[in-house]
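Read off the chains here:
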Amino acid sequence: FMTTTTTIHSLPIELITRIFVLGANFEYPYTDSPFLFKPVQNTFYNSPPQDFQITVSQICRGWRTIALRTSCLWSTLHFHEPLHINRARVFLSRCRPESATTFDILISTVAQRDHIPKVTLYLEELHTIFQLLVPHVQRWRSFHLKIRNNDCKLVARQYLSSCGPGPNLETLQLYHFEDFDSSADLYIATYRRPVMIFSNDLPKIKNVSLIGVNLPWDESPYLHHLESLELALHLDNVRPSYIYWDNMLRGSPSLRRLLLHYSGPRISDGTKANAWPSSIAWSSEHPTTPIVLDTLVELSLVDLDSDYLCRVFEGVVFPGVTKLTMGLSEAEQSYSNVVGLLIGVRTNSNRAVFVHKPLPNLHLLVDLTITALECSLSSFSGLIRSLVGVQRLDIDFSRVCGGEGWKVFITASEG
């Protein structure tokens, strides 16, 4: 019998292409969340390396031909430093328009005082990046932008308000947060009315994260049919009025992820435009019934005032949450009333008679993270005892019950 030598070059082109795609996506950044930036100061998002596709395109002529013809290998455009601008030019040239490949884009700039020429991204580089990307706006699939000062914010406003529709955009994350040196700087950064972006034409949008960025809530019709919503780091005067908060949630029946970090509906100031419902009831004859988010599986609550959070809970029900994150430790506040609402135990500090539990099915919870929770030991004990189905428990005990939350587990084991 004659034997033939089989080499990798004998593999079908389709199989080699598949191997290349799997290799390039080995560290897929969207496995856990559609949002890449986190609303925590001084955190850096490190993009997955993009060496694999570059390496395989340099092995031999055959592999290079296959790699260059596989447009999806070159569709991730992440910018952390000026060198990434030229890399993006090359990647864009390899994504042929006829391929219909869409782009995942991330831009991370720094504050002026942190800018190092030829190392970090600031004003000039941001202009260059937008000029490079805007002609391809109809092929954007995800767009993440982090800016750290007002000058860069003005550049972003200029381009996003004039770039036109984003017909393929599914994920939008806008992050603006800076250390204001004076109240005047804060006023300059927040007094302008927000601009309309993408011509209000985002037919495929389903994931929206706004960190320190507000939109014209009354003129943003695309904030419906969402699957993930994150609102973070908003002063009260730029938060959405309750009516727009209500519209966003009721208009997103498939919402799966809701993340609130020092944000939420604007506190009522006595005006009709910002009024909250005077009462909420289940009766079909009542003008306002609670918002029921049947599909929500992940809820995150961080840096929210205790009474404010109770007010928010009055109007929303999350019957299917399986993952809950809490970081609640505002100065001189107790969140025993919040915990009481969760577990269905009324406390003396409860504001009013509630017609529902916001999380009526705590037994469904499998993942609980508590980075901070200032409440009574009895309230915390009641919460822990309610977690009959939890599989993952991550608690920072130094910030729970004044550092004494661990005693709940000692008492339980002794009992």
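Refer to the structure above for everything that follows.
All of these numbers come straight from a predicted model, not from anything done at the bench.

J.: For this particular structure, what's the right way to read the sheet that holds strand 13 (residues 392-395)?
T.: As a general point, the strands of a sheet are linked pairwise by backbone hydrogen bonds and lie either parallel or antiparallel. With respect to topology, eleven strands assemble into an open sheet ordered 1-2-3-4-5-6-7-9-11-12-13, the strand pairing being parallel. Either end of the sheet is taken by a strand with one partner, and the two such strands are strand 1 (76-79) and strand 13. In this sheet, adjacent strand axes meet at a mean angle of 5° when their direction is disregarded. The sheet contact formed by strand 4 (residues 171-176) and strand 5 (residues 207-211) spans five bridges and is parallel. Looking at the pairing, Leu-174 lines up with Leu-210 of strand 5. With respect to the sheet, helix 4 (residues 83-93) is in contact with strand 1 and strand 2 (103-108), its orientation differing from that of strand 1 by roughly 170°.

J.: What exactly am I supposed to notice about the pattern of salt bridges here?
T.: Two side chains bearing opposite charge may form a pair once their charged atoms approach each other closely. Following the criterion strictly, the structure yields eleven salt bridges and no others. Notably, a salt bridge pairs Arg-193 with Asp-218, separated by 3.0 Å at the nearest N-O pair. Of this pair, Arg-193 sits in the loop between helix 7 (183-190) and strand 5 while Asp-218 sits in the loop between strand 5 and strand 6 (228-232), placing them 25 residues apart in sequence. Here Arg-250 makes a salt bridge to Asp-246, at a shortest N to O gap of 2.7 Å. Separated by four residues within a single helix, Arg-250 and Asp-246 lie in helix 8 (residues 242-250), roughly one turn from each other. Put simply, Asp-104, Arg-141, Glu-170 and Lys-206 are held in one network by salt bridges that share partners.

J.: Even after reading the chapter, I still don't get the pairing of strand 1, so can you show me in this structure?
T.: Pairing analysis gives four bridges linking strand 1 to strand 2, with the strands arranged parallel. Considered in strand 2, the bridge of Leu-77 is made with Ile-105.

J.: It is not clear to me how helix 3 (residues 61-69) should be interpreted in this structure. Could you clarify?
T.: Every α-helix winds through 3.6 residues per turn, so residues three or four apart in the chain are directed the same way. For helix 3, the set of buried residues is Trp-63, Ile-66 and Ala-67. The buried residues of helix 3 occupy an angular sector of 95° when projected down its axis, which confines them to one face. What points out from helix 3, more than 90 degrees from its buried face, is the exposed set Arg-61 and Arg-69. On its buried side, helix 3 packs onto helix 1 (13-24) and helix 2 (51-56).

J.: Explain the packing of aromatic side chains to me, please; I cannot follow it from the model alone.
T.: Ring pairs (aromatic) are described by centroid distance and by the angle formed between their planes. In the structure shown here, the tally under the stated rule is eleven aromatic pairs. Ring geometry for Tyr-28 versus Tyr-30: centroids 5.6 Å apart, planes at 65°, classification edge-to-face. Overall, Tyr-28 belongs to the partly exposed group, its relative accessible area being 36%. For Tyr-30, a relative accessible area of 13% puts it in the buried group. Measuring from ring centre to ring centre gives 6.2 Å for Phe-37 and Tyr-175, while their planes differ by 70°; the resulting arrangement is edge-to-face. Here the residue Phe-37 occupies a position in the loop between helix 1 and helix 2, and Tyr-175 occupies one in strand 4, the gap between them amounting to 138 residues. With respect to burial, Phe-37 and Tyr-175 carry one shared label: buried.

J.: Could you clarify how one ought to interpret the packing of helix 10 (residues 336-343) against helix 11 (residues 377-386) in this entry?
T.: Helices that pack against each other are described as a pair by the angle of their axes relative to one another and the distance between those axes. Two elements in contact, helix 10 and helix 11, have axes whose closest approach is 9 Å; the angle formed by their N-to-C orientations is 30°. In terms of orientation, helix 10 lies roughly parallel with respect to helix 11. In the crossing of helix 10 with helix 11, the sense of the turn from one axis to the other is left-handed. Contacts between helix 10 and helix 11 pair Ser-336, Val-339 and Ile-343 from the former with Ser-379, Gly-382, Leu-383 and Ser-386 from the latter. Classifying every residue of the contact of helix 10 with helix 11 gives three nonpolar, four polar and no charged.

J.: Explain the environment of Gly-389 here, please?
T.: On the secondary structure map, Gly-389 appears in the loop between helix 11 and strand 13. Distance in space between the C-alpha atoms of Gly-389 and Val-366 is 5.7 Å, their sequence separation being 23 residues. The residues contacting Gly-389, other than those within four sequence positions of it, are His-363, Leu-365 and Val-366.

J.: Sorry, what's going on with the state of the cysteines here?
T.: Working definition: the covalent bond between the sulfur atoms of two cysteines is a disulfide. Scanning all chains against the criterion turns up zero disulfides. With no disulfide partner, Cys-72 has as its closest neighbouring cysteine sulfur the one in Cys-95, 8.5 Å distant. Residue Cys-72 is classed as partly exposed on the basis of its relative accessible area of 40%.

J.: Whenever I open this one, unusual backbone geometry confuses me. Can you help?
T.: Among all residues save glycine, negative phi is the norm, and among peptide bonds the norm is trans. With a phi angle near 70°, Lys-118 is a residue other than glycine that sits in the positive phi range. Lys-118 gets classed as exposed once you look at its relative accessible area, which sits at 77%. We note that Cys-401 has phi near 55°; this positive angle belongs to a residue other than glycine. Tracing the sequence through the fold places Cys-401 in the loop between strand 13 and helix 12 (407-414). Note on Cys-401: relative accessible area 9%, which makes it buried.

J.: I'm lost on the environment of Asn-237 in this one. Help?
T.: Topologically, Asn-237 is positioned in the loop between strand 6 and helix 8. For the pair Asn-237 and Arg-266, spaced 29 residues apart in sequence, the C-alpha to C-alpha distance is 6.9 Å.

Rules used throughout
- Residues numbered from 1 in each chain as written.
- Predicted model: local features only at pLDDT ≥ 70, side-chain atom pairs only at ≥ 80, totals over all residues.
- Heavy atoms only, no water.
- Pairing = 2+ DSSP bridges.
- Helix = DSSP H or I, 4+ residues; strand = E, 2+ residues; numbered from the N terminus.
- Axes fitted to C-alpha atoms, helices over the stretch in contact; angles between N-to-C directions.
- Contact = heavy atoms within 4.5 Å.
- Salt bridge = Lys/Arg side-chain N within 4 Å of Asp/Glu carboxyl O.
- Buried < 20%, exposed > 50% of the residue type's maximum accessible area, 1.4 Å probe, protein only.
- Arc of directions from axis to C-beta.
- Phe/Tyr/Trp six-rings, centres within 6.5 Å; stacked < 30°, edge-to-face > 60°.
- Parallel < 35°, antiparallel > 145°, perpendicular 65-115°, else oblique.
- Left-handed = near helix turned anticlockwise from the far one by under 90°.
- Nonpolar A, V, L, I, M, F, W, Y, C, P; charged D, E, K, R; others polar.
- Disulfide = S-S within 2.5 Å.

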